Amino acid sequence: MLAYTYVKRGKFELLDKPVPQLIDSQDAIVRVTLGSICTSDLHIKHGSVPRAVPGITVGHEMVGVVEQVGADVTSVRPGDRVTVNVETFCGECFFCRHGYVNNCTLPDGGWALGCRIDGGQAEYVRVPYANQGLNRIPDSVTDEQALFVGDVLATGYWAADISDITAADTVLIIGAGPTGICTLLCVMLKHPRRIIVCEKSPERIRFVREHYPNVLVVTPEECKSFVEANSNHGGADRVLEVAGTDETFRLAWECARPNAIVTIVALYDHPQQLPLPDMYGKNLVFKTGGVDGCRCDEILRLIAAGKIDTRPLITHRFPLNRIEEAYRIFENKLDGVIKIAVTAP
Ligand SMILES: [Zn+2]
Ligand SMILES: [Zn+2]
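No experiment lies behind these values; they were computed from the predicted model shown.

Rules behind the numbers
Residues numbered from 1 in each chain as written. Chains lettered and ligands numbered in written order. Predicted model: local features only at pLDDT ≥ 70, side-chain atom pairs only at ≥ 80, totals over all residues. Helix = DSSP H or I, 4+ residues; strand = E, 2+ residues; numbered from the N terminus. Rg over C-alpha atoms; globule rule 2.2 N^0.38 Å. Buried ≥ 20, exposed ≤ 12 C-beta atoms within 10 Å, placed from the backbone. Contact = placed C-beta atoms within 7 Å. Arc of directions from axis to C-beta. Pairing = 2+ DSSP bridges. Axes fitted to C-alpha atoms, helices over the stretch in contact; angles between N-to-C directions. UniProt positions renumbered as here; feature names shortened; annotations may be inferred. Domains from an automatic or database assignment. Nonpolar A, V, L, I, M, F, W, Y, C, P; charged D, E, K, R; others polar. Parallel < 35°, antiparallel > 145°, perpendicular 65-115°, else oblique. Left-handed = near helix turned anticlockwise from the far one by under 90°.

Q: Tell me what's going on with the overall build of the chain, and back it up with residues and numbers.
A: Scanning the chain from terminus to terminus reveals twelve helices and 17 strands. Taken against the 2.2 N^0.38 rule, which gives 20 Å for 345 residues, the C-alpha radius of gyration of the chain at 20 Å falls within 12% of a compact globule. C-alpha atoms of the chain, sized along the principal axes, occupy 60 × 40 × 40 Å. Looking at the chain as a whole, 48% of its 345 residues qualify as buried. Considering only contacts in the chain between residues 6 or more positions apart, those separated by 24 or more positions represent 70%.

Q: Give me the lowdown on helix 12 (residues 323-331), citing residues and values where you can.
A: Spacing of three or four residues puts side chains on the same side of an α-helix, whose turn is 3.6 residues. Taken as a whole, helix 12 has its buried residues at I323, A326, Y327 and F330. When helix 12 is viewed along its axis, its buried side chains cluster within an angular range of 100° and face the same direction. Exposed and facing more than 90 degrees away from the buried side of helix 12 are E324 and R328. After helix 12 finishes, the residue K333 shows a positive phi value of roughly 50°.

Q: Provide a residue-level description of the sheet that holds strand 14 (residues 256-264), including the pertinent values.
A: Adjacent strands of a sheet pair through backbone hydrogen bonds, lying either parallel or antiparallel. Pairing is parallel in the open sheet, where six strands are placed in the order 12-11-10-13-14-15. The open sheet has two edge strands, strand 12 (216-218) and strand 15 (285-288), and neither has a second partner. Neighbouring strand axes in the sheet, compared pairwise and without regard to direction, differ in orientation by 20° on average. Strands in contact with helix 8 (residues 220-229) are strand 10 (170-174), strand 11 (194-198), strand 12 and strand 13 (236-241); relative to strand 11, the strand with the most contacts, it is inclined by about 155°.

Q: Describe the UniProt feature "domain: Alcohol dehydrogenase-like N-terminal" (unreviewed entry) in the chain, and please don't skip the residues or the numbers.
A: Mapped onto this numbering, the UniProt entry gives "domain: Alcohol dehydrogenase-like N-terminal" (unreviewed entry) at residues 26-131. For residues 26-131, the end-to-end C-alpha separation is 7 Å, with 12% helix and 27% strand making up the annotated structure.

Q: A description of unusual backbone geometry should follow, citing residues and the corresponding values.
A: The amide bond that connects G289 to the next residue, G290, takes the cis arrangement and shows omega of 15°. When you line up the elements, G290 lands in the loop between strand 15 and helix 11 (296-304). The residue D164 is not glycine, and still its phi comes out positive at about 50°. Along the chain, D164 turns up in the loop between helix 5 (152-162) and strand 10. Here H191, not a glycine, exhibits a phi torsion of approximately 50°, which is positive. With respect to the helices, strands and loops of the structure, H191 is situated in the loop between helix 6 (178-188) and strand 11.

Q: So, the domain arrangement of the chain: which residues are in play, and what are the values?
A: Per the domain assignment, the segments making up the chain are domain 1 (2-151 + 293-343) and domain 2 (154-288). Taken residue by residue, the interface counts 20 residues in domain 1 and 14 residues in domain 2. Considered class by class, the residues forming the side of domain 1 that touches domain 2 number nine nonpolar, seven polar and four charged.

Q: Pulling in residues and values, what's your account of the packing of helix 5 against helix 6?
A: When two helices pack together, their arrangement is given by the angle between their axes and by how far apart the axes lie. Two numbers describe how helix 5 lies on helix 6: the axes approach to 8 Å, and their chain directions differ by 50°. With respect to each other, helix 5 and helix 6 are oriented oblique. Note that helix 5 runs across helix 6; the crossing there is right-handed. Facing V152, L153, T155, G156, Y157, A159 and A160 of helix 5, the residues of helix 6 in contact are P178, T179, C182, T183, L185, C186 and V187. Of the residues that constitute the contact of helix 5 with helix 6, the class distribution is ten nonpolar, four polar and no charged.

Q: So what's going on with the pairing of strand 4 (residues 62-69)? Which residues, and what values?
A: When a strand is regular, its side chains alternate between the sheet's two faces. Relative to strand 4, strand 3 (residues 28-36) runs antiparallel, the two being bridged by seven bridges. Following the sheet pairing, V32 is matched in strand 4 by G64. Pairing of strand 4 with strand 5 (residues 81-84) involves four bridges; the strand directions are antiparallel. Each bridged residue has a counterpart across the sheet, and for G64 the counterpart in strand 5 is V82.

Q: Help me get a handle on the environment of D118, residues and values and all.
A: Topologically, D118 is positioned in the loop between strand 7 (110-111) and strand 8 (124-127). The sequence separation of D118 and V30 amounts to 88 residues, and the corresponding C-alpha distance is 12 Å. Once residues lying within four places of it in the same chain are set aside, the contact partners of D118 are P20, I56, T57, V125 and R126.

Q: Can you tell me about the environment of V171, naming the residues and giving the values?
A: Mapped onto the secondary structure, V171 falls in strand 10. On the basis of neighbour counts, which here come to 28 C-beta atoms within 10 Å, the residue V171 falls in the buried class. Between the C-alpha atom of V171 and that of M188, which follows or precedes it by 17 residues, the distance is 9.8 Å.

Pasting the structure below:
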C-alpha cells in the first residue's frame, strides 16, 4: 500500500509498504477513506518533534472503515465508519480515569500515531487500543464532516472546555488557522458575550468575516487597544492562544484582564518568556497544552445535530498518490489553503 513516510529530517516520501496487521488483541485495522495534513506533520518534517521516529508513516487526522478487529475490541466492528483519535490511551490509568488522556501512562500513550507508530497518510492504519481510539460516525454525518474530530476539532473542544467560559465573557482567540477556527467553533457553543479573533493573514481575516459575521476580527498590531475598547474590564476575560509565536504569546497575557484565564493551545518550536515582573498583580491563570482528546463522541453528536460544521475549512482535495503536491500547498500556505482532504488513491 502507499504510505507517506518520514524518511529523515526534512524529507517525507511516498513509499510502498505492507498493509498493517493486527498485533495486539485491542488493535483494529482501518481502511483510510479520508485523511488530512496537520501543522504537526510539518513539525515532524522539520525536526522539531524529537520523539518522531524515522521510517514511520505520518498522518494523525483520518476517518475510515474498520476492516479487522482484535479479540478484545468491543466498541466497533468491521464495516463501521469511524473517526481515529490522534491520541492512544488505555482508559484505565490514573490520568485516563480523570480525562487527562494525553498523559496516559502507556508506553505509546498520548500522540503516537503518525509520530512514534505508523499513522494514516496511507491506505490502511493499525489503531492500538481501538476501544478508546475509534469512534463510530453517525450515519447522517459524512466523512468530510467528521474528518477533524480526532485532532484539530478535539483540540478546539478541549481548549474551549478548560477555559471555563461564561456568558458574561469577552473571549480573545489568537490565530485563525485550522486549530484557531476549530477553537472558535467550540467557543461559539459557550455563547460568550463577545468573541474577538486576532489574525494577521488577510485571507484568513476574510474567511472569518465571511463565515462568522458576529465575530470581531483584529490584527496583532491593533489587538491590545481593540480588546481594551471592546471588553468590559480592561481586557479579555479569557484568552486562547492558538498561533504559537513569540509575539502572540506576549499578546495573550498582555490582552488579558486581571484574574483572566489564558489558555495556551499552540505548540511553540522554542521556549517562551514569562516576564513575571511585568505581569505582577495581574493574577493570571495559565493553562497549557496539549489536548485531551476524549470527547469525540460528544463532538460527533454536536456535528450530527448541526451545531459544529468544519466543512468550510476544507479548501483543497487531493488523492493520496498526489500527497506531495498537497504538502507543497499546505506548507507554503498557497492558494488560500486552510485544510486539505486527502482521499484514497
Ligand atoms: Zn495534528
Ligand atoms: Zn491511560
